[in-house]
Every structure is written in C-alpha cells, then in structure tokens.
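Structure at a glance
As a plain string of letters, each chain reads:
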Amino acid sequence: MFILKGIDQLEKAIAKAKKLRPRVEFDSFGRYRVSGSKGYYTVICRKDERGYKTVECTCRGAEKGLVCYHSAAALSLHVALARREQIAQICIAPAKETNEIPYLKPTIERPVERVGGIRIN
Ligand SMILES: [Zn+2]
C-alpha cells in the first residue's frame with residue numbers, strides 16, 4: 001500500500017505500464033483487476049479516514065510499499081471514472097427533467113491512456 005502524493009512517484013510505474021500494457025478490468029468504483037506476470041492482481045484506490053489517497057495492490061512489490069505498474073494502470077482508469085462521476089453529478093439534474101441524456105453504462109475495460117496530466121499512450 002502506498003499513499004498517492006503526486007504524479008512524480010508514478011512516473012516509473014507509468015513507463016512500465018506503458019511498456020507492458022496490462023489489462024485493467026473494472027470491478028467496482030475504486031476496485032480494479034489488473035493483469036500481471038502471475039495472473040490478475042486486485043488494486044484498490046480510496047481515500048482513507050485522514051483524507052489520504054491510498055492505493056493497494058495484491059502483488060509482492062506493493063506489499064513492500066513500492067509503486068507497482070498495476071497501481072499506475074488502475075489509477076489511469078480510476079482517475080477517468082472519478083472525473084466522469086463529477087461530470088455526471090453536474091449533468092444528472094437537468095437530464096432527469098428533460099430525459100434527453102441517455103444513461104451511459106460505465107466502461108468495463110479501458111486501455112491505459114493517461115494518469116493525471118501525463119499521456120502514457
Ligand atoms: Zn501491483
């Protein structure tokens with residue numbers, strides 16, 4: 001488990017994710033499955049009780065507190081979903097009244113595109 005403080009600490013992991021292109025599967029918001037060398041790992045992104053953004057992965061490296069590429073890959077999806085969630089909250093009220101905006105299902109699978117402001121594709 002590590003605490004996400006900034007994009008800098010993810011740089012190496014993003015580079016590795018870009019190279020290895022793991023599959024990231026959506027489980028629930030904040031919970032993802034990422035393919036690794038020995039099958040799938042579960043990555044959990046959340047805010048702890050002190051307000052720190054924490055990322056947990058079930059791989060060996062993460063157990064030692066390292067920022068693994070699974071985490072970086074899952075975060076790229078998590079950040080995109082979190083952003084969509086914010087947009088959805090803004091859009092929901094008028095959409096309900098007019099019924100104009102169809103309900104969009106969350107993306108099940110998504111290639112690694114970007115984390116924060118850094119493009120990794
Ligand atoms: Zn990992």
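Quick note: structure is the one above.
Residues numbered from 1 in each chain as written. Predicted model: local features only at pLDDT ≥ 70, side-chain atom pairs only at ≥ 80, totals over all residues. Heavy atoms only, no water.

One can expect most non-glycine residues to show negative phi and most peptide bonds to be in trans. Positive phi, close to 45 degrees, is recorded for Arg21, a residue that is not glycine. Secondary-structure assignment places Arg21 in the loop between α1 (11–20) and β2 (24–28). (Helix = DSSP H or I, 4+ residues; strand = E, 2+ residues; numbered from the N terminus.)

A few words now on the coordination of the zinc ion. Only Cys57 (SG), Cys59 (SG), Cys68 (SG) and His70 (ND1) from the protein reach the zinc ion as donors, at distances of 2.0 to 2.3 Å. Angles of 103 to 113 degrees at the metal separate the four donor atoms of the zinc ion, which places the site in the tetrahedral class. We note that the donor set of the zinc ion lies within a single chain, spaced as C-x1-C-x8-C-x1-H. With Cys57 in strand β5 (residues 53–57) and Cys68 in the loop between α2 (60–63) and α3 (69–98), this pair connects stretches of sequence that are 11 residues apart. (Donors = N, O, S within 2.8 Å, 3.2 Å for Na, K, Ca; no water. Tetrahedral: all angles 85-135°; square planar, octahedral: opposite > 155°, others 65-115°.)

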